[in-house]
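One-letter residues, chain by chain:
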Amino acid sequence: MDLLSMQTLEDRLHAINDLIPAFKQRAANNDSTGRFPFENIQDLKNSNYTQLTAPREFGGGEIPLYDFVRFQEAIAIGDGATALSIGWHMGTMMNLAKNRPWKESLFTFICQEVQNGALLNVCATEEQTGSPTRGGRPLTTAVKNGDTWVISGRKSFATMSQMLDFFVVSATIEETDEVGFFLIPSQANGISVEETWDSIAMRSSGSHDLVLENVEIPLEYLTEKLVQRKKTATGYLLHIPACYLGIAEAAKREAVHFAKNYKPNSLPHPIFELPAIQQKIGEIELKLLESRHFLYSVAKIWDESSIEQQNQLSPELSAVKLSVTNKAVEIVDLAMRIVGARSLSEKNPLQRYYRDVRAGLHNPPMDDMTLMLLAKRV
């Protein structure tokens with residue numbers, strides 16, 4: 001299966017859907033043991049999925065945002081942790097391809113690496129500073145030493161850390177007190193992953209701590225400085241609500257399957273025929289429809305807009321994330337009400353969906369910041 005060679009959204013979605021049963025089958029064990037879904041990511045690499053957001057000039061697919069969110073939603077139906085993990089690589093490449101903030105030589109280098117199967121993610125969060133969206137200054141430092149940078153510090157929430165080939169790390173440049181972003185190969189001396197991830201949500205996302213101890217990289221691996229960054233809207237972050245929408249869809253399917261097959265001896269038919277159950281399923285479907293139309297329409301608006309128009313879409317992008325992730329929580333709750341106490345069984349995937357879907361509330365942008373953004377626009 002080669003997703004790059006396929007020409008239509010429908011063909012690619014069909015191919016991705018073929019991977020979903022295997023993802024779903026592996027999910028429970030990976031979650032219970034906190035094991036990263038190595039096989040799932042490798043399946044996506046083998047299908048060339050990881051190249052779909054790279055520029056065409058470097059052999060990538062350069063897919064639109066609409067296609068990206070559709071694919072991410074489909075993957076999340078199989079396994080939310082896999083979707084969220086690969087979404088960061090895909091989104092990072094989409095953002096780099098669109099904005100071209102790096103020097104041409106470094107951008108060419110990373111695109112060629114991605115063409116050969118490399119994975120990357122931005123690691124900017126630190127325990128002491130909290131989310132970088134809040135404006136915290138990194139305690140990780142970068143010191144110039146001859147023709148190299150020496151990077152030292154610790155990053156948290158380094159999702160997919162065990163399979164990344166490159167980390168894009170934020171650090172404070174001691175000489176100038178500026179904040180810069182540095183490309184660090186995973187094989188560099190002094191770099192290690194400390195398995196600290198103990199969250200009950202997205203347990204298999206591999207969001208461990210990245211530890212940097214006097215890591216030396218070439219001077220040209222300074223990708224950009226924060227002061228040089230243009231304020232642009234980040235459409236690729238719609239992969240976050242797409243992920244939680246997929247989990248909500250998986251919860252709906254599980255609840256409907258149960259309702260159509262469970263027939264207590266007090267009834268002559270499965271509970272699916274009960275009006276109370278049908279009403280809950282109707283509520284779920286309404287929330288899914290609202291979420292999809294909001295997510296898909298904003299993605300299409302993004303794809304059809306000029307760069308100037310895209311930069312006016314931050315409120316819409318943030319509102320989609322707030323609306324979809326909160327509705328996903330409500331959908332999983334309704335699904336569990338349909339299934340009842342069995343949904344709390346460790347063997348039932350609904351308890352995993354319940355835990356995983358709540359992680360969306362803590363992915364950027366945060367709800368309070370979104371509401372303030374909408375209020376300011378008013």
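Above this text sits the structure in question.
Residues numbered from 1 in each chain as written. Predicted model: local features only at pLDDT ≥ 70, side-chain atom pairs only at ≥ 80, totals over all residues. Heavy atoms only, no water.

Student: Any chance you could break down empty space enclosed by the protein for me, citing the residues and the numbers?
Tutor: What the rule picks out here adds up to one cavity of 30 Å³ or more. Volume-wise, the largest cavity comes out at about 40 Å³. Around the largest cavity, the lining residues are Ala27, Ala76, Ile77, Gly78, Asp79, Gly80, Ile247, Arg352, Tyr353 and Asp356. Of all the secondary-structure elements, those providing two or more residues to the lining of the largest cavity are helix H3 (65-78) and helix H10 (349-358). Here the lining of the largest cavity is built from residues that sort into five nonpolar, two polar and three charged. (1 Å grid on protein atoms, 1.4 Å probe; cavity = no way out; pocket = protein on both sides within 12 Å on 5 of 7 lines; lining within 4 Å. Points joined across faces, edges and corners; volume = space filled by probe spheres on them. Helix = DSSP H or I, 4+ residues; strand = E, 2+ residues; numbered from the N terminus. Nonpolar A, V, L, I, M, F, W, Y, C, P; charged D, E, K, R; others polar.)

Student: Got a sec to walk through helix H5 (residues 104-115)? Specific residues and values, please.
Tutor: Here H5 spans 16 Å end to end across 12 residues, near enough to the 16 Å set by a 1.5 Å rise per residue. Within H5 the residues assigned to the buried category are Leu106, Phe107, Ile110, Cys111 and Val114. Within H5, the buried residues cover an arc of 135° as seen down the axis, which keeps them to one side. Packing partners of the buried residues in H5 comprise helix H4 (80-99), strand E1 (120-123), strand E4 (166-173), strand E5 (178-185) and strand E8 (222-225). Directly beyond the C-terminal end of H5, a positive phi value near 105° is found at Gly117. (Expected span 1.5 Å × (residues − 1). Buried < 20%, exposed > 50% of the residue type's maximum accessible area, 1.4 Å probe, protein only. Arc of directions from axis to C-beta. Contact = heavy atoms within 4.5 Å.)

Student: Describe H10, listing the residues and the values that go with them.
Tutor: Burial runs high along H10: eight of the 10 residues are buried. Buried within H10 we find Pro349, Leu350, Gln351, Arg352, Tyr353, Arg355, Asp356 and Val357. Where H10 begins, one side-chain oxygen reaches toward the backbone nitrogen of Leu350, 2.8 Å away; that side chain belongs to Asn348. (Polar contact = N/O pair within 3.5 Å; in protein donor to acceptor, adjacent residues only side chain to side chain.)

Student: I'd like a description of the state of the cysteines, backed by residues and values.
Tutor: A complete count under the given rule lists zero disulfides for this structure. Free of any disulfide, Cys111 has its nearest neighbouring cysteine sulfur in Cys123, separated by 19 Å. Cysteine Cys123 remains unbridged, with the sulfur of Cys243 as its closest cysteine sulfur at 18 Å. Residue Cys123 is classed as buried on the basis of its relative accessible area of 1%. (Disulfide = S-S within 2.5 Å.)

Student: Let's hear about the packing of aromatic side chains: which residues, and what values?
Tutor: Using the criterion set out here, one finds nine aromatic pairs in the structure. Ring centres 6.3 Å apart and planes at 70° place the aromatic pair Tyr49 and Phe71 in the edge-to-face group. One end of the pair, Tyr49, is in the loop between helix H2 (38-46) and H3; the other, Phe71, is in helix H3, with 22 residues separating them in the sequence. Look at Tyr49 and you get buried, because its relative accessible area is 0%. (Phe/Tyr/Trp six-rings, centres within 6.5 Å; stacked < 30°, edge-to-face > 60°.)

Student: How would you sum up the layout of surface pockets? Please name residues and give values.
Tutor: Each pocket or cavity is described by its volume, and for the second largest pocket that value is around 360 Å³. Lining the second largest pocket are 16 residues, with Ile63, Met94, Lys98, Trp302 and Asp303 sitting closest to its centre. Among the secondary structure elements, those contributing two or more residues to the lining of the second largest pocket are H4, helix H7 (275-303) and helix H8 (307-310). In terms of residues, the lining of the second largest pocket owes the most to one element, H4, which gives four residues. Residue composition of the lining of the second largest pocket, grouped by class: eight nonpolar, five polar and three charged.

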